[in-house]
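So you can see what is in the structure, the chains are spelled out below.
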Amino acid sequence: MKIKPELLTLYGVTDRSHLGGRSLLAVVEEILKGGATLIQLREKDMDPEAFLREAVQIKKVTDAYHVPLIINDNIQVCLASGAAGVHVGQSDMAAGQVRRLLGEDKIIGVTAKTVEQAKAAEQAGADYLGCGAVFGSATKLDTKKMSLETLDEICRSVSIPVTAIGGISMDNIRQLQGHLMDGAAVVSALFSAQDPCGAAVALKKEMLDILSKRPEGGVRHGH
């Protein structure tokens, strides 16, 4: 399954620290109701068995909405849960090795912060890139900010879809207008929202409008 750019339009990345006592499952379902196009289950501190149990539960919900589930940086959980694929960072397993372990059918996303990393990831078999942090990050405090110019350079350097990530919210999403990404990956603006469904609806509406106005000549890889 190779990823269509439209799947990256509104990419929800989980963060249980923002739930305020609500269940992750319930918030994910609200975000899906609001039109999220892809969900990534990110659990850096959960033991593998609990992570797998959670992945199986979340996948039932994402399946009901016909939205692929991506697992952050855990190939075993991806395979055991039947998730659509994995996302790996630069300090995680190399994309080529991930591809060998997962086979051809799974989606592989790779974090890329430079043109060199982007090209290497594409060559190694990545299906999409996550690039940022475009507006800093509320969830990763050590993350360096990426300029929107660098984001565009990365988009031009590869033929696979690219999602922008990092501190994207209703307050700043319009700053992405005129740039070449295929969508926005959003963490806290979805998972800390009082109304996650409403937040997803609003963010997706903005993103679709931004994508409809992408610069002439900036359209890449046939879309």
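Conventions we followed
- Residues numbered from 1 in each chain as written.
- Predicted model: local features only at pLDDT ≥ 70, side-chain atom pairs only at ≥ 80, totals over all residues.
- Heavy atoms only, no water.
- UniProt positions renumbered as here; feature names shortened; annotations may be inferred.
- Helix = DSSP H or I, 4+ residues; strand = E, 2+ residues; numbered from the N terminus.
- Expected span 1.5 Å × (residues − 1).
- Contact = heavy atoms within 4.5 Å.
- Buried < 20%, exposed > 50% of the residue type's maximum accessible area, 1.4 Å probe, protein only.
- Pairing = 2+ DSSP bridges.
- Right-handed = clockwise from strand over helix to strand, strands pointing away.

As named in an unreviewed UniProt entry, the protein chain is Thiamine-phosphate synthase, taken from Candidatus Scybalocola faecigallinarum. Of the comments in the UniProt record for the protein chain, the one headed Function (unreviewed entry) reads "Condenses 4-methyl-5-(beta-hydroxyethyl)thiazole monophosphate (THZ-P) and 2-methyl-4-amino-5-hydroxymethyl pyrimidine pyrophosphate (HMP-PP) to form thiamine monophosphate (TMP)." You can read under Pathway (unreviewed entry) in the UniProt record for the protein chain the words "Cofactor biosynthesis; thiamine diphosphate biosynthesis; thiamine phosphate from 4-amino-2-methyl-5-diphosphomethylpyrimidine and 4-methyl-5-(2-phosphoethyl)-thiazole: step 1/1."

**Student:** Even after reading the chapter, I still don't get helix 8 (residues 196–212), so can you show me in this structure?
**Tutor:** The end-to-end C-alpha distance of helix 8 is 24 Å, a good match for the 24 Å that 17 residues give at a rise of 1.5 Å each. Tucked into the core, helix 8 has its buried residues touching strand 1 (10–13), helix 1 (24–33), strand 8 (183–186) and helix 7 (188–191).

**Student:** What's the story with the pairing of strand 2 (residues 38–41) in this structure? I'm lost.
**Tutor:** A regular strand carries its side chains on alternate faces of the sheet. Alternating positions in strand 2 separate into two faces, L38 and Q40 on one and I39 and L41 on the other, with burial throughout. Sheet analysis places strand 1 next to strand 2, joined by three bridges and oriented parallel. In the strand pairing of strand 2, G12 is matched with I39. Two strands pair when backbone bridges link them, and strand 2 and strand 3 (residues 69–72) are joined in this way by three bridges, in the parallel orientation. Looking at the pairing, I39 lines up with L69 of strand 3. In this fold, the crossover linking strand 2 to strand 3 by way of helix 2 (residues 48–64) has right-handed handedness.

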